[in-house]
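# Tertiary structure, described
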Amino acid sequence: MDIAIVGSGYVGLVTGACLAHIGHTVVCVDNNAEKIRQLKAGHVPIYEPGLEELLEKYRKNSRLTFSTSIAEAAKKASVIFIAVGTPSKKNGEADLVYIENVAREVARNMDSYKLLVEKSTVPAQTGDRIARTVRLNLPSSSGKDKKGAVEFDVASNPEFLREGSAISDFMQPDRIVIGVESKRAERLLREIYKPIKTKIVVTNVATAEMIKHASNSFLATKISFINSVAQICERVGADVGKVAEGMGYDRRIGRSFLNAGIGYGGSCFPKDVDAFIRLAEKNGYDFSILKSVRQVNEEQKQSFIRLIEDKLWILKDKTVAVWGLAFKPDTDDMRRAASLDVIEALQAEGALIQAYDPQAMDNAAKMLRNVKFCPDPYAAARGADCLLLLTEWTEFSGLDMAKVRELMRQAVIFDGRNFLDEKSVGDLGFEYYGIGGRRNA
Ligand code: UDX
């Protein structure tokens, strides 16, 4: 099938590469001419395991092309995925200006049936808005007589891709959600996903939009819930890791997304939680559970910072080693990373930061000031008064901690992800402070 993906950011590129991989002819569109030039030349602007290889393979055999022109892409493709950004406005609401632009542009160039598919996370009822925008901008809708206007459908097909494992999430999804208002749209989307063997949930558009809102917000709720439990564990002498394990064996609960830490970050959860709260508000409902989820997430970082302040005593001129900057492992993404708040708070009290991250240092350098970026974890630890582990990269589990101990001025670890083994680092003489009762001092 001929498919256009409008918006060549994270979601657009992964979707485009994977749709080409399962046999479709795909054009990825973006209005950023420099980005398209780079993609045409084989440069991938983001780090995502496996993405570069797929883009390269299908770019070379021309099953995947790149363009700056929605008009051109929309003419050829019968299905147009909308994967443009939906940034947050000041009030938390999603800003849909780019979505509207795409709908308008597609409509103006429509000369045959098109299926427009929402891929970006959008507030419920955006499908109706897109359909209205298309109707208002169809070439034949200038007069009152709509007869002869080309037909179109709007569908919702939310993505559930996690950064770092987006390709396998696409190829082996837990489910595919298709929100449609016509049999034709359903048929087309089923056809597109035919090579992928999984459960397909077919709903109307508003329900599909809500599935996305509810899924992401529920996962964020799980994280804040376990982080609240961690707070109490700390106070009563329980171990939150074991609590999560004990809970997780119950199939109704499940173990995933119950890792206590310094809170969730990234481009999705913080924004999506805000947007869902705002959507509820606009529809006359106070989504108080989600407001607490957001508040707990914020407090989790603050309590970690307070712990460091308490144990280090004076922060001025102390050297703090930081392992991990990205909002989670296997990505170079720094958006809403907890490391940003932690580092800035410590810097404000005069601490000197030496940091190492396997992928995110270039992006971090654009967002942080006065951080010494180091070539490896050992260099970051040299002369440090404490070590913070803020992202659980696998690399950090195989290091020579005895050497790290030698390099540091004071042997104190604050593990924001409960990643290191408290006993083995304790045996090497480290004071260890994790989250939710994991500590040896
Ligand atoms: C998320 C959703 O998982 C995905 O389905 C959606 O489409 C986009 O948003 P992503 O933001 O890439 O994906 O990362 P995810 O793995 O979900 O982690 C989000 C944040 O939660 C990270 O900061 C991570 O460190 C944190 N997290 C996750 C926890 O603190 N504890 C956990 O148990 C799990």
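Keep in mind it's a predicted model, so treat the numbers as computed, not measured.

Looking now at the overall build of the chain. Helix and strand content of the chain: 17 helices and 14 strands. Taken against the 2.2 N^0.38 rule, which gives 22 Å for 441 residues, the C-alpha radius of gyration of the chain at 24 Å falls within 12% of a compact globule. Expressed as lengths along the three principal axes of its C-alpha atoms, the size of the chain is roughly 80 × 50 × 40 Å. The long-range fraction of contacts in the chain, counting pairs at least 24 apart against all pairs at least 6 apart in sequence, stands at 70%. Computed over 61 positive and 58 negative side-chain charges, the separation of the two mean positions in the chain equals 5 Å.

A few words now on the site of the ligand. Around the ligand sit 19 residues, and of these E163, N259, G265, F327 and K328 come closest. One of the backbone N or O atoms of L258 is found 3.4 Å from an oxygen atom in the ligand. For the ligand, an oxygen atom lies 2.9 Å from a polar atom in the backbone of N259. Alone, the ligand offers 660 Å² of accessible surface; in the complex the protein occludes 93% of this. Examining the composition of the shell around the ligand, we find that three residues originate from one element, helix α9 (residues 205-236), more than from any other. Domain assignment of the residues forming the shell around the ligand places at least three in each of domain 1 (2-203) and domain 2 (204-441).

Counted by the stated rule, this structure contains 30 salt bridges. E93 serves as the salt-bridge partner of K282, at 3.3 Å between the closest nitrogen and oxygen. In this pair, K282 sits in helix α11 (residues 269-282) while E93 sits in the loop between β4 (79-82) and α5 (97-108), placing the two residues 189 residues apart along the sequence. Judged by relative accessible area, which is 13%, E93 ranks as buried. We note a salt bridge from R335 to E163, for which the minimum N-O separation is 3.7 Å.

All right, on to the sheet that holds strand β11 (residues 371-373) then. As summarised here, the arrangement of the six strands in space is β11-β10-β9-β12-β13-β14, forming an open sheet in which the pairing is parallel. At either end of the open sheet lies a strand with only one pairing partner, and these are β11 and β14 (431-433). Adjacent strand axes in the sheet meet at a mean angle of 20° when their direction is disregarded. Where strand β9 (residues 319-323) and strand β12 (residues 386-389) come together, four bridges link them in parallel fashion. Within the sheet, the bridge partner assigned to W323 lies in β12 and is L389. Docked against the sheet, helix α12 (residues 288-312) engages β9, β12, β13 (412-415) and β14, running at close to 170° with respect to β13. Each of β9, β10 (352-356), β11 and β12 touches helix α13 (residues 338-348); the most contacted strand, β10, lies at about 155° to it.

It is worth spelling out the domain arrangement of the chain at this point. Each assigned domain of the chain is listed with its residue range as follows: domain 1 (2-203) and domain 2 (204-441). Computed over C-alpha atoms only, the centres of domain 1 and domain 2 are separated by 33 Å. At the interface, 33 residues of domain 1 touch 27 residues of domain 2. Counting each side, the surface lost to burial between domain 1 and domain 2 is near 2,400 Å², with a carbon and sulfur contribution of 54%. Its salt-bridge partner being E93, residue R278 comes within 2.9 Å of it at the nearest N-O pair. Summed over the shared surface of domain 1 and domain 2, the number is 15 residue pairs in polar contact (both at pLDDT 80 or more). Here the side of domain 1 that touches domain 2 gets four residues from one element, more than from any other, and that element is strand β7 (residues 175-179). A per-class count over the side of domain 1 that touches domain 2 returns 14 nonpolar, twelve polar and seven charged.

L346, L388, M401 and F414 are the most contacted members of the largest nonpolar core, which totals 66 residues. Residues L39, L55, F81 and Y193 belong to the second largest nonpolar core, which totals 42 residues.

Attention shifts here to the pairing of strand β6 (residues 152-156). For β6, the tally of buried residues reaches five of five residues, placing the bulk of the element in the interior. Bridging between strand β5 (residues 114-118) and β6 involves five bridges; their strand directions are parallel. If you follow E118 over to β6, its bridge partner there is S156.

Take unusual backbone geometry next. Positive phi, normally seen in glycine, also occurs at F257, with a value near 60°. Position of F257 among the secondary structure elements: in the loop between α10 (240-248) and α11. Backbone geometry at W313 places phi at a positive 70°, although glycine is not the residue there. With respect to the helices and strands, the residue W313 is situated in the loop between α12 and β9.

For an α-helix, 3.6 residues make a turn, and residues three or four places apart therefore share a direction. If you check helix α1 (residues 10-21), its first and last C-alpha atoms are 17 Å apart, about what twelve residues at 1.5 Å a residue would give, namely 16 Å. The element α1 is largely enclosed, with a buried count of eleven among its twelve residues. For α1, the full list of buried residues reads Y10, V11, G12, L13, V14, T15, G16, A17, C18, L19 and A20. G23 occupies a position one or two residues after α1 and carries a positive phi of about 110°.

Let's shift gears to the packing of aromatic side chains. With the rule as written, the count across this model stands at eight aromatic pairs. Here W323 and F396 contribute two aromatic rings whose centre-to-centre distance is 5.3 Å and whose plane-to-plane angle is 20°, an arrangement assigned as stacked. Here the residue W323 occupies a position in strand β9, and F396 occupies one in the loop between β12 and α16 (401-407), the gap between them amounting to 73 residues. The buried category is assigned to W323, whose relative accessible area is 0%. You can call F396 buried: its relative accessible area is 1%. Among the aromatic residues, those joined into a ring-pair cluster are F257, Y264 and F269.

Definitions and cut-offs
- Residues numbered from 1 in each chain as written.
- Predicted model: local features only at pLDDT ≥ 70, side-chain atom pairs only at ≥ 80, totals over all residues.
- Heavy atoms only, no water.
- Helix = DSSP H or I, 4+ residues; strand = E, 2+ residues; numbered from the N terminus.
- Rg over C-alpha atoms; globule rule 2.2 N^0.38 Å.
- Contact = heavy atoms within 4.5 Å.
- Lys, Arg positive; Asp, Glu negative; His and termini not counted.
- Charge placed at Lys NZ, Arg CZ, Asp CG, Glu CD.
- Near = heavy atom within 4 Å.
- Polar contact = N/O pair within 3.5 Å; in protein donor to acceptor, adjacent residues only side chain to side chain.
- Areas by Shrake-Rupley, 256 points an atom, 1.4 Å probe, with all protein chains shown as cover.
- Domains from an automatic or database assignment.
- Salt bridge = Lys/Arg side-chain N within 4 Å of Asp/Glu carboxyl O.
- Buried < 20%, exposed > 50% of the residue type's maximum accessible area, 1.4 Å probe, protein only.
- Pairing = 2+ DSSP bridges.
- Axes fitted to C-alpha atoms, helices over the stretch in contact; angles between N-to-C directions.
- Buried area = accessible area lost by both parts, 1.4 Å probe.
- Nonpolar A, V, L, I, M, F, W, Y, C, P; charged D, E, K, R; others polar.
- Core = buried A, V, L, I, M, F, W, Y, C linked by side-chain atoms within 4.5 Å.
- Expected span 1.5 Å × (residues − 1).
- Phe/Tyr/Trp six-rings, centres within 6.5 Å; stacked < 30°, edge-to-face > 60°.

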